Amino acid sequence: MLFKVLITPKKGLLDPQGRAVEELLQEKGYEGVKNVRVGKVVLLEAQSEEQVHEIAKKILVNDLIEDYTVERA
């Protein structure tokens, strides 16, 4: 099965890359855009969603600064 792991900075933590994108968008006239967060997407094939959660927790995600969600792709 194909899964998608979406990894994002935890809410409340500084996201310098997201802030830079937000400022650039505002400079380009997209004034209504706010709270930009930049993360990662990992696509992988695995036997089960439980296996993907285990991989995310042990390898892909720094749980001190990142959150994640798993979806079937």
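Described below are features of the structure shown in this document.

**Digging into the overall build of the chain**
Part 1 of the argument: A count of helical and extended segments in the chain gives 2 helices and 3 strands.
Part 2 of the argument: From first element to last, N terminus to C terminus, the chain shows the α and β order β-α-β-α-β.
Part 3 of the argument: Scaling as 2.2 N^0.38, a compact globule of 73 residues should have a C-alpha radius of gyration of about 11 Å, whereas the chain reaches 15 Å, well beyond that.
Part 4 of the argument: Expressed as lengths along the three principal axes of its C-alpha atoms, the size of the chain is roughly 45 × 25 × 15 Å.
Part 5 of the argument: The buried share among the 73 residues of the chain stands at 21%.

**Observations concerning the pattern of salt bridges**
Part 1 of the argument: Inspection of every chain in the model, using the stated rule, returns 5 salt bridges.
Part 2 of the argument: Across the salt bridge formed by Glu23 and Arg19, the nearest N and O atoms sit 3.3 Å from each other. Of the two residues, Glu23 and Arg19 both sit in helix 1 (residues 16-27), 4 residues apart, roughly one turn of that helix.
Part 3 of the argument: Taking the relative accessible area as the measure of exposure, Glu23 reaches 36% and is therefore partly exposed.
Part 4 of the argument: Its relative accessible area of 42% is what places Arg19 among the partly exposed residues.

**Let's talk about the pairing of strand 1 (residues 2-9)**
Part 1 of the argument: Along strand 1, the buried face is formed by Phe3, Val5, Ile7 and Pro9; none of Leu2, Lys4, Leu6 and Thr8, which line the opposite face, is buried.
Part 2 of the argument: Taken together, the 7 bridges between strand 1 and strand 3 (residues 66-72) define a ladder with antiparallel strand orientation. Within strand 3, the position partnered with Ile7 by the bridge is Tyr68.

What counts as what
Residues numbered from 1 in each chain as written. Predicted model: local features only at pLDDT ≥ 70, side-chain atom pairs only at ≥ 80, totals over all residues. Heavy atoms only, no water. Helix = DSSP H or I, 4+ residues; strand = E, 2+ residues; numbered from the N terminus. Rg over C-alpha atoms; globule rule 2.2 N^0.38 Å. Buried < 20%, exposed > 50% of the residue type's maximum accessible area, 1.4 Å probe, protein only. Salt bridge = Lys/Arg side-chain N within 4 Å of Asp/Glu carboxyl O. Pairing = 2+ DSSP bridges.

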